[in-house]
Amino acid sequence: MPNLTDAKMRWTDISTIARDLVFLLRSQGWPEDKIIRYREKRLIRIMKHAVSQVPFYKSLGISPNSIRTAQDLKRFPVVTKRDIQKNDDGFLWPQLKKEGLHVSRSSGTSCEPTQTYFDHRCWLFSKYALKMSRIVAVENPLFKRLLIVSEQTNTNLEETKPSRWKSALILFGQRHLSIFDNVDDHIPVLLNYKPHILYAFPSYLLSLIQAFEEKHLPYPKIPVIFTSSELLTGKARTQIENCFQARLYDVYGSTEFKEVAWQCRQGRYHINFQNVYLETEPNESMEAFGDSRLLISSLTNYAMPLLRFDIGDRAELGQGRCPCGRPSPYLRNIHGREADFIQLPDGKRVSPYLLTMTIEAHPSIQKYQIVQKSATELTIEFIARNDVDTHGISEALSGKLQKLLDGHIHITFNKVDQIHRSESGKFQIIKKTF
Ligand SMILES: [Zn+2]
């Protein structure tokens, strides 16, 4: 039996999403103490549900009646992608039929796909209402055109495309494109459709800029751009904003929880406290950076209530009113995926940002990928903006990168014509092949 698809959305779902949207927009302005009380109430409810209904959590032997405060979350073990890969049924609420759930698939660092199941109510909330509330928070979407470039193939898009009247409830128009298409084919779509709001991966936007540049076409103005899923470097952000005369807002999310935090006009990543509960835990191997690993608990997914899930990212939590007026908790110093860190032979880890900042400072590098082939070998594959050769780039960058890597890693440079996306459509700046 197939899992639920969005094509089966009903009128009642639309009204649920509309109600959720009103709630989300209102709650963004709640005072801090009300936010804390709300989160705690939801957290207690889902912890009690997990220990009384879900096999993995039932086996912990925690009595539902003993769960009284948010602090009880510390009694739960940290869960990783690997735990889910080993036993995804153990995290499901058996009372719900699997074929009636929505599913999201992701590819983990071990290349084994992880499946996360969502009950219908949570799906409407986290996939639709949260997304809409984030758009509305930064831009009035009424009578605006939205263009979404996603990792879905064109065939999938046909299957899941919401009907026009459904999207028109919130937005004047919506179009979808696939990231796997030739970017040149998207240029006429962009010029004709003239989106006000564009949603795409950073690497796609950089390819688009390159395509416009090669064809000597003027860049269209796109007032609002949302990015997600990939490492957004400072240089990429500036380039995208300048070329399209846009304001760029990055969204932080994951397959397991959908949107976790989003940037407001002030650039702060506000946490969707209505959907997730976040904790950080100091990580010994990351002490040099003062970083903590980020643990996420769902407050809404009763079908698969992941608690204290180690998302594999380094970040810190912040509290206090934002200049935008929202008092909600926020994420800061998001240092990216643990998998993106370069591990040196002596155990020290180097942040990918240190490397990307150095490489991007070179004016001749148009696009690049850092490929770690072994514990002591790194190759920088790059596409050059001009006729600079490998030797020239190596002369300019080798010394600086060696310094960052404590001289422990042998670095080579390789000029290439193309850098491919991964199967998921994402572009990995750091690729590990060992
Ligand atoms: Zn803000």
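See the structure printed just above.
Residues numbered from 1 in each chain as written. Predicted model: local features only at pLDDT ≥ 70, side-chain atom pairs only at ≥ 80, totals over all residues. Heavy atoms only, no water.

Asker: Looking at this structure, I do not really get helix α9 (residues 202-214). What am I missing?
Answerer: Because an α-helix completes one turn every 3.6 residues, residues spaced three or four positions apart along the sequence face the same direction. For α9, spanning 13 residues, the distance from its first C-alpha to its last is 19 Å, which sits close to the expected 18 Å at 1.5 Å a residue. By the criterion of burial, α9 is predominantly enclosed, with 10 of the 13 residues buried. Pro202, Ser203, Tyr204, Leu205, Ser207, Leu208, Ile209, Gln210, Ala211 and Phe212 are the residues of α9 that are buried. Contacts made by the buried residues of α9 are with β3 (145-150), α8 (183-193), β5 (197-200), β6 (224-228), α10 (234-243) and β17 (365-374). Directly after α9, the chain includes His216, whose backbone phi takes a positive value near 55°. (Helix = DSSP H or I, 4+ residues; strand = E, 2+ residues; numbered from the N terminus. Expected span 1.5 Å × (residues − 1). Buried < 20%, exposed > 50% of the residue type's maximum accessible area, 1.4 Å probe, protein only. Contact = heavy atoms within 4.5 Å.)

Asker: I'm lost on the packing of helix α1 (residues 11-27) against helix α5 (residues 120-138) in this one. Help?
Answerer: A packed helix pair is summarised by two numbers, namely the angle formed by the two axes and the spacing between the axes. For the pair α1 and α5, interaxial distance at closest approach is 8 Å and the crossing angle is 50°. In terms of orientation, α1 lies oblique with respect to α5. Helix-helix and strand crossings are classified by hand; for α1 and α5 the assignment is right-handed. Contacts from Asp13, Thr16, Ile17, Asp20, Leu21, Phe23, Leu24 and Leu25 of α1 reach α5 at His120, Arg121, Leu124, Phe125, Tyr128, Ala129, Leu130, Met132, Ser133 and Val136. A per-class count over the contact of α1 with α5 returns 12 nonpolar, 3 polar and 3 charged. (Axes fitted to C-alpha atoms, helices over the stretch in contact; angles between N-to-C directions. Parallel < 35°, antiparallel > 145°, perpendicular 65-115°, else oblique. Left-handed = near helix turned anticlockwise from the far one by under 90°. Nonpolar A, V, L, I, M, F, W, Y, C, P; charged D, E, K, R; others polar.)

Asker: Would you mind showing me how to read the coordination of the zinc ion here?
Answerer: For a metal with four donors in a tetrahedral arrangement, the ideal angle between donors is 109.5 degrees, while six donors in an octahedron ideally sit at 90 or 180 degrees. Surrounding the zinc ion are the protein donor atoms Cys264 (SG), His270 (NE2), Cys322 (SG) and Cys324 (SG), at 2.1 to 2.3 Å. What the 4 donor atoms of the zinc ion show is an angle range of 101 to 115° at the metal, which sorts the shape as tetrahedral. Each donor residue of the zinc ion belongs to the same chain, and together they define the spacing C-x5-H-x51-C-x1-C. We note that Cys264, like His270, is buried. (Donors = N, O, S within 2.8 Å, 3.2 Å for Na, K, Ca; no water. Tetrahedral: all angles 85-135°; square planar, octahedral: opposite > 155°, others 65-115°.)

Asker: Even after reading the chapter, I still don't get the sheet that holds strand β11 (residues 292-298), so can you show me in this structure?
Answerer: Backbone-to-backbone hydrogen bonds pair the strands of a sheet. The strands run either parallel or antiparallel. Strands sit in the order β10-β11-β12 across an open sheet of 3 strands; the sheet is antiparallel. Each edge of the open sheet is held by one strand with a lone partner, namely β10 (276-282) and β12 (309-314). Shown here is a sheet whose adjacent strand axes are inclined to one another by a mean of 30°, direction ignored. Alignment of β11 against β12, held across 3 bridges, turns out to be antiparallel. (Pairing = 2+ DSSP bridges.)

Asker: Honestly, unusual backbone geometry in this entry has me stumped. Any pointers?
Answerer: Trans is the prevailing form of peptide bonds, just as negative phi is the prevailing case for residues other than glycine. Look at Gln245: it is not a glycine, yet its phi comes out positive at around 45°. We classify Gln245 as partly exposed; its relative accessible area is 48%.

Asker: Would you mind going over the packing of aromatic side chains with me for this structure?
Answerer: Aromatic rings considered in pairs are described by the distance between their centres and by the relative angle of their planes. Throughout the structure, instances matching the rule amount to 15 aromatic pairs. Note on Trp30 and Tyr38: the rings are 5.3 Å apart at their centroids and 70° apart in plane angle, and the pair reads as edge-to-face. Of the two residues, Trp30 and Tyr38, neither departs from the other in class, the shared state being buried. Relative to Tyr219, the ring of Phe212 lies with its centre 5.9 Å away and its plane at 55°, an arrangement referred to as tilted. Overall, Phe212 belongs to the buried group, its relative accessible area being 0%. Its relative accessible area of 25% is what places Tyr219 among the partly exposed residues. Ring pairs connect the aromatic residues Phe23, Trp30, Tyr38 and Phe273, which therefore count as one cluster. The ring of Phe226 is capped by Arg134, whose NZ or CZ atom sits 4.4 Å from the centre of that ring. One cation-aromatic arrangement involves Arg268 over Tyr330; the distance from NZ or CZ to the ring centre is 3.8 Å. (Phe/Tyr/Trp six-rings, centres within 6.5 Å; stacked < 30°, edge-to-face > 60°. Lys NZ or Arg CZ within 6 Å of the ring centre and 35° of its normal.)

Just distances and angles here, no functional claims.
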